[in-house]
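Structure assessment
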Amino acid sequence: MAIVVENVSRQFGNFKAVDQVSLEIKTGSLVALLGPSGSGKSTLLRLIAGLERPDSGIIRLRDQDVTQHSVQERNIGFVFQHYALFKHLTVRQNIGFGLEINKAPKGKIKARVEELLDLIQLEGLGDRYPSQLSGGQRQRVALARALAAEPEVLLLDEPFGALDAKVRKDLRAWLRKLHDEVKVTAVFVTHDQEEAMEVADELVVMNKGRIEQIGTPAEVYDRPATAFVMSFIGPVNVLPSTSRLFQDNHLDITEPEVFLRPRDLQVETSRGETKAIARVSRLINLGWQVEAELILEDGHSVHAIFTRDQYEQLRLSPQQQVYVRPKHPKAFHSREALKLAS
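Residues numbered from 1 in each chain as written. Predicted model: local features only at pLDDT ≥ 70, side-chain atom pairs only at ≥ 80, totals over all residues. Heavy atoms only, no water.

**Section: the nonpolar core**
Grouped burial of nonpolar side chains is what soluble globular proteins tend to show. Ranked by size, the top nonpolar core spans 44 residues in total, and within it I95, V141, L143 and L154 carry the most contacts. When residues in this core are grouped by element, the largest group, 6 residues, is from helix α5 (residues 135-147). Dropping the residues within four chain positions of it, L143 is found in contact with V79, L154, L156, W174, L175 and L178. Counting 27 residues, the second largest nonpolar core, distinct from the first, contains I25, L44, V204 and I211. (Core = buried A, V, L, I, M, F, W, Y, C linked by side-chain atoms within 4.5 Å. Buried < 20%, exposed > 50% of the residue type's maximum accessible area, 1.4 Å probe, protein only. Helix = DSSP H or I, 4+ residues; strand = E, 2+ residues; numbered from the N terminus. Contact = heavy atoms within 4.5 Å.)

**Thoughts on the environment of H328**
Here H328 is to be found in the loop between β17 (321-326) and β18 (330-331). Sequence-wise, H328 and R261 are 67 residues apart; in three dimensions their C-alpha atoms are separated by 8.2 Å.

**Brief notes about unusual backbone geometry**
Phi at N7 takes a positive value of approximately 50°, unusual for a residue other than glycine. Topologically, N7 is positioned in strand β1 (residues 3-12). By relative accessible area, N7 is classed as partly exposed at 41%. Its identity as a non-glycine residue notwithstanding, E158 has a phi of 45°, on the positive side. Taking relative accessible area as the criterion, E158 reaches 11% and is therefore assigned buried.

**A closer look at the side chain of T90**
Its location among the elements puts T90 in the loop between β6 (76-79) and α3 (91-101). Given the relative accessible area of 10%, T90 is considered buried. Ignoring sequence-local partners within four residues, the contact set of T90 consists of G126, D127, R128 and Y129.

**Regarding the layout of surface pockets**
One number sums up the size of the largest pocket: a volume of about 740 Å³. In terms of lining, the largest pocket is formed by 25 residues, of which the most central are I76, G77, F78, G98 and R145. The greatest single-element share of the lining of the largest pocket, amounting to 5 residues, is contributed by α3. Looking at the lining of the largest pocket, its residues break down into 19 nonpolar, 5 polar and 1 charged. Roughly 170 Å³ of volume is contained in the second largest pocket. Grouping the constituent residues of the lining of the second largest pocket by class yields 5 nonpolar, 3 polar and 2 charged. (1 Å grid on protein atoms, 1.4 Å probe; cavity = no way out; pocket = protein on both sides within 12 Å on 5 of 7 lines; lining within 4 Å. Points joined across faces, edges and corners; volume = space filled by probe spheres on them. Nonpolar A, V, L, I, M, F, W, Y, C, P; charged D, E, K, R; others polar.)

**Looking at empty space enclosed by the protein**
Picture a little ball the size of a water molecule; that probe, rolled over the atoms, points out where space is still empty. Enumeration according to the criterion identifies 1 cavity of 30 Å³ or more in this entry. Within this model, the largest cavity holds a volume of roughly 40 Å³. Looking at the largest cavity, the residues that line it are L30, L147, L154, L175, L178, H179, V182, V184 and A186. For the lining of the largest cavity, the element with the most residues is helix α6 (residues 165-182), which contributes 4 residues. A class-by-class count of the residues in the lining of the largest cavity yields 8 nonpolar, 1 polar and no charged.

Below you can see the structure in the form of structure tokens.
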């Protein structure tokens, strides 16, 4: 089921949580609402769910205006960050709770619950209580409960935010696999860029209640539409255009600030083409890659990231002099326009 949001706004007092947002989410897609705290992503999710009503604008599901419809009328499954499971009910009872409320036949409830236990890989744990499960298992039960009534749309608000890094990583892969199996239209909120890029088909990047960019993970990372998107999605160096890094490499950039990914900083130990001079200030070994902090001749600091193979070929050491050249620097002159410096 497609979701269409048309010029929707929601204000709390003097704070504009969502400001004239328009968005279309395709049937069967998995979309991430991504942004920092206060960007409006959770409010937008709650507006789609019917947990909040917009001050203006229209929300459409199945090509129908559902702006004033209740949550129940929208046939939407909602998964909260902190599970919201009933502590006194078993896993089976939690999953089947919505079906019980809707007075579904007992045989149907039993079959659906067993089907979902298999889907979330918790067979044999149906008689346990939430307190007897790990955080990752509880979140899977919450997801199964949301899926029990076979909703046309599944909404998830920071679904892995309360879990540790290893469990989050595992559940991200599991959610992507689950979505590919059930094919429900799904929207999830996150402030974690890596999580969004790993799981989602499409990213909706929000800032101060507005949408900055919509695109695939590759499009948003490689072709950011604004300085905010460039800064928020992935690590970035921000330098004045007057820096020696650009002048010594004969790059004429008229905008005041230049954005450069750490992976787009070419570093060599001998001078070849014209390059700026820098000194290795610090090396950070992260196991799978190495990060270097470099100090340019003008005093500006930049970070470069190398694969293990690149690092071993360079054989860098602290205080070593190196030569650097920027690849694909980007300068933004407005919210809408992007200038590529080559």
